[in-house]
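The lines below spell out each chain.
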Amino acid sequence: METFHFRAMNTDILLAAQGTPARIAEGFEEAQQFIQASEGRFSRFSEESELSGLNRSAGRPFQASPDLFSVLALAQRFFHQTRGLFDPSILPDLRRVGYDRSMDLLRQQSAVPLFESLLAGEHPSFSEMELDETRGMILLPPGMALDLGGIAKGWIAEQTALILSEFSSACAVNAGGDMFLVGLPDGEEQWPVAIEDPLQPEITLTTLKVDPGAVATSAVTKRVWKQGKKQRHHLIDPRTGEPAVTDWLSVTVIAPHAYEAEVFAKALLIGGPQESEEIARKCGARFSYLAIDHDRKIWGPQKSLESCSVASL
Amino acid sequence: MKIIKTALHYWFAIVSLFSFLAGWGMLAHSLKPIQPSQTTTVNTASLPALPPIQAFGGGSGNGSGLNFVAPRTQSGFGFPILRTGGS
């Protein structure tokens, strides 16, 4: 199996594909181009991105590309399924807590300043976004600004894997832990996926074997920074407008689609045990999950975990 | 006037000399920096004992019947083990 590493979307990308080297190389090139183009479309850190254009047009209709429209239609559905725990409209809160530049740039700062004058959660509800499917138009209410960080990476990983699958018999795209798997490597019945220790990523807590589909992890220990004397992370709890205080350090979701794995990983992490059962019920239990708590204990619902088997290495 | 200037010269020379000696004495009796060889400690990552999986369900703790394998980082497959841990 051929592999190709590069950096995009402020994270490490791994492409792995099985097939003839010449075809795989062609596939890697096309896949990389798609990821870079998608980053340019969905990044909130680029003024030229389509997402930034949409945010600037709040209050008036915006003609969206099919890709942006698709992602926002999915986001709207998941907003309701997660009872608002997945909410792309928390961008003002993200900026207020200091995440106003890319994580690569943020990590270069020792601390960012406090914005005490701004209030948490002071923005329109995401439910007020209007989508006109027939014309591909999006209307954000005045004052709304979106961050697609909780869904776009998974969506891009899945689309990229589908592109790469045109060039290979089995392939995987791993975008910083959000991955989509197509087919199976020769001689394998499932894909092995290592779950990292949230506090020591170099350590593997366990390795799962999963069927083709998607795996994504959300953690409160990865994208962290200091704002004044406060320790911050990137998972905003929409109920408070502040970085979520969670029972778990990370949640890994196995699901048919990478975007839903990413969304539910985030929602379950924010919601914790109190909300998990209700979220699973609302989405028809389309996913399995593992949660790791502060003592590194692994939690998961008995029923959904039955679909995961553990690698026999 | 010349006497005053000469006195000032002597005064500055004496004060400088005593300040230098005082500083030397303070440094000589202060704590020594720790040698690099004393500070270099190797923090080897110790693998935690694998915790039992616990079924979610209001803390009822029903076992899921899943077994976890010992952590390992090297792939025994013909491809790299995919890793996930958030980004």
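Residues numbered from 1 in each chain as written. Chains lettered and ligands numbered in written order. Predicted model: local features only at pLDDT ≥ 70, side-chain atom pairs only at ≥ 80, totals over all residues.

### So, the overall build of chain B
Just so we agree on the cut-off: Under the DSSP-based scheme used, a helix requires at least four consecutive residues in state H or I and a strand at least two consecutive residues in state E, with every element numbered from the N terminus. Buried residues are those with 20 or more other C-beta atoms within 10 Å of their own C-beta, exposed residues have 12 or fewer, and partly exposed residues lie in between; C-beta atoms are placed from the backbone.
Summing up its helical and strand segments, chain B has two helices and two strands in all. When the elements of chain B are put in sequence order from the N terminus, they spell out α-α-β-β. By residue count, 10% of the 87 residues in chain B fall in the buried class.

### Topic: the overall build of chain A
Which entries qualify depends on this criterion: Here the globule rule reads 2.2 Å times residues to the power 0.38, and the radius of gyration is calculated from C-alpha atoms. A pair of residues counts as a contact when their C-beta atoms, built from backbone coordinates, are separated by no more than 7 Å.
Scanning chain A from N- to C-terminus turns up eight helices and 18 strands. Whereas a compact globule of 313 residues would reach a radius of gyration of roughly 20 Å, chain A reaches 19 Å, a difference of no more than 12%. Counting only C-alpha atoms, chain A reaches 60 × 45 × 40 Å along its principal axes. A total of 313 residues make up chain A; the buried ones form 49% of that total. Considering only contacts within chain A whose residues lie at least 6 apart along the sequence, 64% involve residues at least 24 apart.

### Quick notes on the packing of helix α6 (residues 152-164) of chain A against helix α7 (residues 258-282) of chain A
Residues and elements named next belong to chain A. Spelled out, the test is: To obtain each axis, a line is fitted to C-alpha atoms, and for helices this fit is confined to the stretch in contact; angles are then taken between N-to-C directions over 0 to 180 degrees. Any angle that falls under 35 degrees is termed roughly parallel, while one over 145 is termed roughly antiparallel, one within 65 to 115 roughly perpendicular, and all others oblique. Crossing chirality is assigned from the near helix's rotation relative to the far helix, an anticlockwise turn below a right angle marking it left-handed and a clockwise turn marking it right-handed. Side-chain classes follow a simple rule in which Ala, Val, Leu, Ile, Met, Phe, Trp, Tyr, Cys and Pro form the nonpolar group, Asp, Glu, Lys and Arg form the charged group, and the remainder, Gly included, forms the polar group.
Two elements in contact, α6 and α7, have axes separated by 7 Å at closest approach and are oriented at 155°. By the angle between their axes, α6 is roughly antiparallel relative to α7. Note on packing geometry: the crossing formed by α6 with α7 is right-handed. Of the residues in α7, those touching α6 at Lys153, Gly154, Trp155, Ala157 and Glu158 are Ala258, Tyr259, Ala261 and Glu262. A per-class count over the contact of α6 with α7 returns five nonpolar, one polar and three charged.

### Remarks on the pairing of strand β8 (residues 191-196) of chain A
If a strand is regular, its side chains alternate between the two faces of the sheet. The criterion, for reference: Think of it this way: DSSP has to see at least two bridges between two strands before they count as a pair.
Where burial is concerned, most of β8(A) is hidden: six out of the six residues are buried. Alignment of β8(A) against strand β9 (residues 204-210) of chain A, held across six bridges, turns out to be antiparallel. Within the sheet, the bridge partner assigned to Glu196(A) lies in β9(A) and is Thr204(A). Relative to strand β2 (residues 82-84) of chain B, β8(A) runs parallel, the two sharing three bridges. Each residue of the ladder has a partner; that of Ile195(A), found in β2(B), is Thr84(B).

### Topic: the pairing of strand β10 (residues 213-219) of chain A
All names here are of chain A. Counting buried positions along β10 gives six out of seven residues, so the element sits mostly inside the fold. The sheet contact formed by strand β7 (residues 178-182) and β10 spans three bridges and is antiparallel. Looking at β10, one finds that Phe180 is bridged to Ala214.

### Examining the confidence of the model for chain A
As a reminder of what qualifies: pLDDT is a per-residue confidence score from the predictor, ranging from 0 to 100.
A residue-level look at chain A finds 92% of positions with pLDDT of 70 or above and a mean pLDDT of 88. This model gives residues 309-313 of chain A a pLDDT under 50, and the stretch forms 19 contacts once residues within four places in sequence are excluded.

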